[in-house]
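# Coordinates in review
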Amino acid sequence: MDSAKELDIKILRGLGEKTAEKLNKIGIYNIEDLIHFYPRAYEDWTALGSIKEIYESGNPGCMWIQASSTISKVRLANGKRLFKIQGSDGTDSLDIIFFNNYYVALNLVKNEKTLIRGNVTKKANRYEIISPKIYQNTEIRPIYAQTKFIHSERIKNLINQALKTIKRPLEETLPDFILKKYDLCSLDFAIKNIHFPKNLKDAETAKKRLIFEEVLVWQIAVSKIKNYVKRKTDIKISNSFCDEFLFLLPFMLTKAQTRVINECMEDMMDKNSLSMSRLIQGDVGSGKTVVAAAATYAVIKNGYQVAIMVPTEILSVQHYNTLNKIFQGTNINIALLSGKLRLKERKNLENKIKNKEINLVIGTHALMGENLEFAKLGLVVTDEQHRFGVKQRMRLAEKGQNPHVLIMSATPIPRTLSMMVHGDLDISILDELPPGRKEVQTFCVSPAKKERAFNFFKKIIKNGGQGYIVCPLIENSDSDMISVDEYKNKILKKVFAEYNAEILHGKLSRSDKEKIMQDFSSGKIQILVSTTVIEVGVDVPNASVIIIENAERFGISQLHQLRGRVGRGEKASYCILISSLNTKDTQRRMKALCSTNDGFLLAEEDLKIRGPGEIFGNKQHGMEEIKLAKTLKDIKLLEVSKKVAREILSGNYLKEDDFKIINWKVNRVINKTQNCLTI
Ligand code: ADP
Ligand code: MG
């Protein structure tokens, strides 16, 4: 395999134990790591100019300067020392100023001519340059992310040495036909020129190729981890039954729903018999359930079974009720596979699924128990998929003969990032809310003014409304956070005594949870005090107000999800965030939520605040394998490499010799990433 991987960095001249340790700290263990430690920027020391030219350009530039004075020293009022030298480029002269850096200034005076770089300004009609950089060569200078342990210039020299030491040209990682087809340079050229380009264009060429490979490896790895690979399938969907389905609904579909349903149908009726592998991203309340129902209907009508997997028991009951209503009067048999079932009931149900007496099964991951066998599984739907672990998602898809896969998520993330994390998924976006919806008006209130929030809340309940109150905790700990128990024992009695209120949290028994949700759904309960268990999917259109206690405890996307419990009907709806705005970060989050209801905009803001690493899950997410593409704006390049990744996977080319290094890299990402990808 690639020899550089086996070469310890210590083979480099003058590299001792100490430097090795410093390099280890930044993730460099062998020569391969070293040559793949790319510069974070370049300084162009090739574009030389005169003092006047650089002044007029307004940009930093390089010039050869000859010192024409000794160093004059000034002590400033703030204790800093200033060193000033006069220099000349042969035509004009300028004042060169350094702060506290006598040795650099000294260098300038000692040398015949010195190459300096910076912005030239004018002061009292004299040219001036402040703290210019000094360098020896007219070249493109790579700048590495230096730490307090190791300086950029040292890294540069080590890489230079490494490239001279190892076998060149470097062994190619991509097959020739891919390089040609997508106009990519060789790995050898890329590595040489990402570090030491003759000009910035070569650096770009190198970067393009390295990004392509990075993204390709990442895409293949993510697709393999998530098992979202389009595969040949024998499942034949020849009719979409869309018209029939429309008659089952009490409303008209939105344009977006129609479009996304069509995208699903096209996938499932694919001429090349490849399975559907599609993600539906839609903001909360955009009506994803109906899309799933349309696909479900088509698959069942074509003679197959469907499984719908949801992350919580509450949601499975809700979907069961919703779909029973939609499919009323059809001959579709629906089963709720609940963890509550007794052994005998469960066995009985399993038999019916095996014999195809049941067409549609809804359940939590209890669904994936080993004994569950389907007669003819045609479609697996995963709702609110961000709540599942990766392994849980995989297992259900393995139960059929390459069933179609439909995934629904209310976690919108920016498109570039989404293309990276979702691997080989096609993405549909539901970007329209059903008609009549009003924005949920959102306010942020300090705990001191909670009384007013309560009064507002009560006014809505009095007028026939229903509302949620969300707390971060079930029981009180010593923290200053509000708990569901505190509501139960104190606040409900004191403030909301005249209303029907109940509490809900994960520790209640299943039947209690179900009963409470049902009573809330039917309007018997007016106020539901809950933990975040209501966060995903719960749909009670009459509820029009939500109070969130200790809102600072939650992230943007979680608050947006919680807020999405209201504004689902035609009533004007409100979200009241109770929070002391004691940090900048909290202020930013609350402000974002109060200013928009658009989940995609909020996702962008979230990404800005938290950075991609956090969004991917915990720290060791394998994202360190993405070095250049992280800040990538170039969707085209992403799309191309995604397409190639798909070709490689569906053609099973990874095993071939041409791809042995890519395969090795894919496995490396998989090992680092598979248990921590949370999206
Ligand atoms: P989410 O995308 O958050 O899962 P749901 O599927 O729960 O949203 O739908 C939210 C609400 O909107 C439900 O009460 C559903 O019946 C209703 N709904 C969905 N589509 C439409 C539509 N086209 N017209 C009117 N109401 C709709
Ligand atoms: Mg939903």
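So, here is what we can say about the structure in this document. On a predicted model such as this, the values are computed, not experimentally measured, just so you know. (Residues numbered from 1 in each chain as written. Chains lettered and ligands numbered in written order. Predicted model: local features only at pLDDT ≥ 70, side-chain atom pairs only at ≥ 80, totals over all residues. Heavy atoms only, no water.)

On to the overall build of the protein, then. Counting its secondary structure elements, the protein contains 23 helices and 23 strands. Expressed as a percentage of the 679 residues in the protein, the buried residues total 53%. The contacts of the protein with a sequence gap of at least 6 include a subset with a gap of at least 24, amounting to 74%. For the protein, the computed accessible surface area is about 32,100 Å², with 48% contributed by carbon and sulfur atoms. (Helix = DSSP H or I, 4+ residues; strand = E, 2+ residues; numbered from the N terminus. Buried < 20%, exposed > 50% of the residue type's maximum accessible area, 1.4 Å probe, protein only. Contact = heavy atoms within 4.5 Å. Areas by Shrake-Rupley, 256 points an atom, 1.4 Å probe, with all protein chains shown as cover.)

Here we come to the pairing of strand β13 (residues 334-337). With burial as the criterion, each face of β13 is covered, one bearing I334 and L336 and the other bearing A335 and L337. Here β13 runs beside strand β14 (residues 360-363); their pairing, made up of four bridges, is parallel. Each bridged residue has a counterpart across the sheet, and for L336 the counterpart in β14 is I362. As for the winding sense of the linkage, the β-α-β connection from β13 through helix α13 (residues 343-354) to β14 is right-handed. (Pairing = 2+ DSSP bridges. Right-handed = clockwise from strand over helix to strand, strands pointing away.)

Another aspect to go through is helix α5 (residues 152-165). With 14 residues, α5 extends 20 Å from end C-alpha to end C-alpha; this agrees with the ideal 20 Å at 1.5 Å per step. Burial in α5 covers these residues: S152, E153, I155, K156, L158, I159, Q161, A162 and L163. On its buried face, α5 sits against α1 (17-25), α2 (31-35), β9 (133-135), β10 (140-143) and α7 (187-195). (Expected span 1.5 Å × (residues − 1).)

Let's shift gears to the pairing of strand β11 (residues 277-282). The buried fraction of β11 amounts to six of the six residues, a majority that puts the element mostly inside the structure. The alternating pattern of β11 places S277, L279 and Q281 and R278, I280 and G282 on opposite faces, both of which are buried. As paired elements, β11 and strand β16 (residues 404-409) share five bridges and run parallel to each other. Within the sheet, the bridge partner assigned to R278 lies in β16 and is L406. Pairing between β11 and strand β17 (residues 426-430): five bridges, direction parallel. Its bridge partner being in β17, L279 is matched across the sheet by I427.

Let us look at the nonpolar core. Judged by nonpolar contacts, the single largest core of 44 residues is most densely connected at F245, L323, F327 and L360. Elements supplying a minimum of two residues to this core: α10 (255-268), α11 (288-301), β12 (305-309), α12 (313-326), β13, β14, β15 (377-382) and β16. Take this core: its biggest share by element is 10 residues, from α11. In contact with L323, other than residues within four places in its own chain, are A293, I308, I334, L360 and I362. (Core = buried A, V, L, I, M, F, W, Y, C linked by side-chain atoms within 4.5 Å.)

On to the packing of aromatic side chains, then. Enumeration according to the criterion identifies 16 aromatic pairs in this entry. Ring geometry for Y55 against Y127: centres 5.4 Å apart, planes inclined by 65°, an arrangement best described as edge-to-face. Highlighted residues: Y55 in helix α3 (residues 51-57) and Y127 in strand β8 (residues 126-130), separated in sequence by 72 residues. The exposure class of Y127 is buried, given its relative accessible area of 10%. Between the aromatic rings of Y102 and Y103, the centroid separation amounts to 6.0 Å while the plane-to-plane angle is 75°, which identifies the pairing as edge-to-face. Taking relative accessible area as the criterion, Y102 reaches 27% and is therefore assigned partly exposed. In textbook terms, an aromatic cluster arises when at least three aromatic residues are bridged by ring pairs, as seen for F454, F457, Y487 and F496. The aromatic ring of F149 is capped on one face by K25, whose charged end is 4.4 Å from the ring centroid. Against the face of Y304 rests K376, its NZ or CZ located 4.5 Å from the ring centre. (Phe/Tyr/Trp six-rings, centres within 6.5 Å; stacked < 30°, edge-to-face > 60°. Lys NZ or Arg CZ within 6 Å of the ring centre and 35° of its normal.)

Next up on the list: the packing of α10 against α11. It is at 9 Å that the axes of α10 and α11 come closest, and there the two elements cross at 35°. The hand of the α10/α11 crossing is right-handed. Between α10 and α11, the contacting residues are Q257, V260, I261, C264, M265 and M268 on the first element and V290, V291, A294, A295, A298 and V299 on the second. Classifying every residue of the contact of α10 with α11 gives 11 nonpolar, one polar and no charged. (Axes fitted to C-alpha atoms, helices over the stretch in contact; angles between N-to-C directions. Left-handed = near helix turned anticlockwise from the far one by under 90°. Nonpolar A, V, L, I, M, F, W, Y, C, P; charged D, E, K, R; others polar.)

For ligand 1, the set of nearby residues contains 17 residues, the closest of which are M252, G285, T289, R437 and D539. A distance of 2.8 Å separates an oxygen atom of ligand 1 from a polar atom in the side chain of K288. Separating an oxygen atom of ligand 1 from a side-chain N or O atom of R437 is a distance of 2.6 Å. Considered on its own, ligand 1 offers 570 Å² of accessible surface; in the complex 86% of this is hidden by protein. Each residue belonging to the shell around ligand 1 can be placed in one class, and the counts come to six nonpolar, six polar and five charged. Summarising the domain contributions, the shell around ligand 1 has at least three residues from each of domain 3 (242-430) and domain 4 (441-596). (Near = heavy atom within 4 Å. Polar contact = N/O pair within 3.5 Å; in protein donor to acceptor, adjacent residues only side chain to side chain. Domains from an automatic or database assignment.)

With that settled, the discussion passes to the environment of I35. By the element assignment, I35 lies in helix α2. Taking the relative accessible area as the measure of exposure, I35 reaches 2% and is therefore buried. In this structure the C-alpha to C-alpha distance between I35 and K192, which are 157 residues apart in sequence, comes to 8.8 Å. Non-local contacts of I35, meaning those with residues more than four positions away in its chain, are made with A162, L163, I166, L170, I191 and H195.

Read from one edge of the open sheet, six strands run β18-β23-β22-β19-β21-β20, paired in parallel fashion. Lying at the two open borders of the sheet, with one neighbouring strand each, are β18 (440-445) and β20 (501-504). Each strand of the sheet is rotated relative to its neighbour by a mean of 15°, with strand direction disregarded. Of the strand pairs in this sheet, strand β22 (residues 543-548) and strand β23 (residues 573-578) are connected by four bridges, and their pairing is parallel. The partner of I548 across the bridge, within β23, is L577.

Let's shift gears to the side chain of E153. Following the sequence through the fold, E153 ends up in helix α5. For E153, the residues in contact, after removing those within four places along its chain, are Y135 and R141.

We now examine the side chain of T586. Within the secondary structure, T586 is located in helix α20 (residues 584-595). Of the polar contacts made by the side chain of T586, one reaches the side chain of T583; its length is 2.7 Å. With residues near it in sequence (within four places) discarded, T586 still touches E552, S579, S580 and L581.

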